[in-house]
Amino acid sequence: MRDTGQQPFSVRFDENNQEFAIAGLLRPQYERELGELIESFQKVLAAVRGTLYVNVKRLVRVNNVGFRVLSGLLVGSLEQRPDLRIEVVTSSVVGWSTRKFKALSRLNSRLAVAEYDNDFYPGQAFLEEGGFIPILRTQTQMTWQHERHVLPRHGLRPGMAVADICCGIGDFAVLAFKQFAPSRLVALDHSRSSLDYARRVAGEFGVHGIEYVYGDAAEMLLEDNQFDFVTCRHALQIFNQPELILAELVRVCKPGGRVYVTNEKISHCVGEPHGESIQWTYNELSRLFADFDMDLEFGPKSRRHLDRAGLADIKAECFMVTNLDGDPQGFASMIASWESLFANGMSERRGDDAAFREKFSQGFQDHIHAALHPTGYAGWPIWVASGKKPG
Amino acid sequence: MLIENAAAAKTGFESLLCISMGVDVFASDWLHCDRISSYVARMVSHNRTDSVLYSNLMSSALNELLETAYRCHGERGELSCRVLRDGRYDRIELEIPSDDKARAFFAETAEVLARDDAAEQYRAALFADGPVDPRIGLLELCVDYAAKVQIEVFEAGAILLTAQFDLETEFAHA
């Protein structure tokens, strides 16, 4: 959906994976306008063996002139090469592509179509299961007490066009919508169940105007330079290639707008009494996530990542969510959920023995004890960083 | 170009947006099809369940209609594009200035679309030798978008090309 006057489409060949990728807009008036694409494909065809992957995940729009060319290339090449198999990789986000390419697969059994869908990030599936939703709500309520004051320091003002990328169950979007009255608020996530929940909750609370959209944060359909303020909370830390998402956050942000991210450094969770036990468990929690390619130590690295993404005027700060913020039971409930999810779920999945899991659980129990103790202190630190898109 | 938000125009369907421009201006640049379809799609999709997905589908459908009009139209007069909504259903109405050639093309296209073999015809158009069949986009709308496409040819001048669809239901994910 980018301006066709700038860069209608691009092609790329990854030799290692035998993947020919076409991205962008393909709406030519005449087939001859696609001469370079045809030539590139034919060169690739001469070089590949076995299965050729044709990636159209980011081929956002194609007219029938363009599709006729693609159809001819795909079906024609299989007729010429009986040894070859082609797998077209589509995206459910785009909407039309799977249906359109599947029609071609009926013409030749060696042409398959695979839809890249809710398996975008299979490692995170356990974070999105239904039982975790209440605790996500509690977490957002607790962080919001701080962020409502933090966000204006990073440039959020009423009337802005805002995108909340990796919005999860959408509760932050609702709070931001109520507090900052944006002119537009798009909330994007790759979990359909989370989006369904978000739409239902927004409807029940009479909040209308948030656009909840399905998408892959690393390959969004949102247009360039659309938003004054782009948020991405607690998400970069759970993607193994955060730079891909950051590049997208920057792309959709207007020049002069700001990209705002929050992340944890989980080993810095604190609590007293039983500080040592708590410290041990959160150090282990950090290692556990690292074993699943997630970096819960990302928080203080945010500044560096924003700088590498080309942002300027970078601001970074940290706030501590504590048992003294309001309801200590809320804090304790959040830790209890973590214990269930991480000590009894992820740790078991990693293959940890019972003795480890018992000690691992104890640190969470001690954190809960600290939160509810009359003179105890329990904290969960969050790092905030934002940067301005030049231009 | 005239852009207006019109009041209710037809029973059951509420008019959301209408764009009118001289057909000579429209036909002066192929990119107008992409630009108009992208703009209109974005404007009418914000309150659909998934605004970005809907906009992408809507743009694809409208673009095919506009490209058909671009390829076959009369030389003078106004081209109007109106989007109407009735619940889940959207209807696009293109009023296209015509001449004898355009009237003949659309009359023949109406007969083609009236047959019940749109999928076969679409496939044939995809793989036919020679230049693109200008009705390929309309065939695809019937096949991939489950659109009801209607063509009314008026002796006096304009052609009314209408496509009606329920994209949210048709493309609902399991």
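Bear in mind the structure is a predicted one, so any value in this text is a computation, not a measurement.

Undergrad: Looking at this model, I keep getting lost on the overall build of chain B. Mind explaining?
TA: For chain B, the helix and strand inventory stands at seven helices and six strands. Along its sequence from the N terminus, chain B presents helices and strands in the succession β-β-α-α-α-β-β-α-α-α-β-β-α. Dimensions along the principal axes, computed over C-alpha positions, put chain B at roughly 40 × 40 × 30 Å. A separation threshold of at least 6 residues defines the contact pool for chain B, and within that pool the share at least 24 residues apart is 64%.

Undergrad: Sorry, what's going on with the domain arrangement of chain A here?
TA: Frequently, the measure chosen for interface size is the accessible area that the parts lose on association. Residues and elements named next belong to chain A. For chain A, the assigned domains are domain 1 (9-116) and domain 2 (122-388). Averaged C-alpha coordinates put domain 1 and domain 2 at centres separated by 38 Å. Facing the four residues of domain 1 at the interface are five residues of domain 2. In the side of domain 1 that touches domain 2, the residues fall into two nonpolar, no polar and two charged.

Undergrad: Looking at this structure, I do not really get unusual backbone geometry. What am I missing?
TA: What you tend to see is this: most non-glycine residues have negative phi, and most peptide bonds are trans. Along the chain, A:Glu272 connects to A:Pro273 via a cis peptide bond; the corresponding omega equals 5°. Locating A:Pro273 in the fold gives a position in the loop between β12 (270-272) and α8 (275-291). The phi dihedral of A:His274 falls on the positive side, at around 65°, and the residue is not glycine. Notably, B:Ala146 is not glycine yet its phi reads approximately 50°, a positive angle. Turning to its location among the elements, B:Ala146 is positioned in the loop between α6 (136-144) and β5 (148-153).

Undergrad: Looking at this structure, how should I read the interface of chain B and chain A?
TA: Facing 25 residues of chain B, the contacting portion of chain A comprises 27 residues. Listed by contribution, the elements that provide at least two residues to the side of chain B that touches chain A are α2 (31-45), α3 (51-71), α5 (118-127) and α6 of chain B.

Undergrad: Teacher, can you tell me more about α3(B) here?
TA: Because the α-helix completes a turn every 3.6 residues, residues three or four places apart line up on one side. Spanning 21 residues, α3(B) covers 30 Å between terminal C-alpha atoms, matching the ideal 30 Å at 1.5 Å per step. Of all 21 residues making up α3(B), 20 are buried, and the element is well covered by its neighbours.

Undergrad: Would you mind going over the packing of α3(B) against α6(B) with me for this structure?
TA: The axes of two packed helices give the description: the angle between them and the distance between them. All names here are of chain B. Between α3 and α6, whose axes approach to 8 Å, the crossing angle comes to 150°. Judged on the interaxial angle alone, α6 and α3 are roughly antiparallel. Crossing angle aside, the handedness with which α3 passes α6 is left-handed. Across the interface between the two elements, Ala61, Glu64, Leu65, Glu67 and Thr68 from α3 touch Gly137, Leu138, Glu140 and Leu141 from α6.

Undergrad: What's the story with the pairing of strand β6 (residues 111-116) of chain A in this structure? I'm lost.
TA: Working note: regular strand, side chains alternate between the two faces of the sheet. Here β6(A) shows one buried face, formed by A:Leu111, A:Val113 and A:Glu115, and one open face, formed by A:Ala112, A:Ala114 and A:Tyr116. Running through helix α3 (residues 97-105) of chain A, the crossover from strand β5 (residues 85-91) of chain A to the neighbouring parallel element β6(A) is right-handed.

Undergrad: For this particular structure, what's the right way to read α5(B)?
TA: By the burial criterion, the buried members of α5(B) are B:Ala118, B:Tyr122 and B:Leu126. The buried side chains of α5(B) occupy one side of the element, clustering within an arc of 75° when seen end-on. Along its buried surface, α5(B) packs onto α2 (64-80) of chain A together with α6 of chain B.

Undergrad: Please clarify how the confidence of the model for chain A should be interpreted in this entry.
TA: Caution applies to low-pLDDT regions: their predicted coordinates should not be interpreted in detail. Of all residues in chain A, 95% attain a pLDDT of 70 or more, and the chain-wide mean is 92. Below pLDDT 50 for its whole length, residues 1-6 of chain A participates in 16 contacts with residues either more than four positions away or in separate chains.

Conventions used here
- Residues numbered from 1 in each chain as written.
- Chains lettered and ligands numbered in written order.
- Predicted model: local features only at pLDDT ≥ 70, side-chain atom pairs only at ≥ 80, totals over all residues.
- Helix = DSSP H or I, 4+ residues; strand = E, 2+ residues; numbered from the N terminus.
- Contact = placed C-beta atoms within 7 Å.
- Domains from an automatic or database assignment.
- Nonpolar A, V, L, I, M, F, W, Y, C, P; charged D, E, K, R; others polar.
- Expected span 1.5 Å × (residues − 1).
- Buried ≥ 20, exposed ≤ 12 C-beta atoms within 10 Å, placed from the backbone.
- Axes fitted to C-alpha atoms, helices over the stretch in contact; angles between N-to-C directions.
- Parallel < 35°, antiparallel > 145°, perpendicular 65-115°, else oblique.
- Left-handed = near helix turned anticlockwise from the far one by under 90°.
- Right-handed = clockwise from strand over helix to strand, strands pointing away.
- Arc of directions from axis to C-beta.
- pLDDT = per-residue confidence, 0-100.

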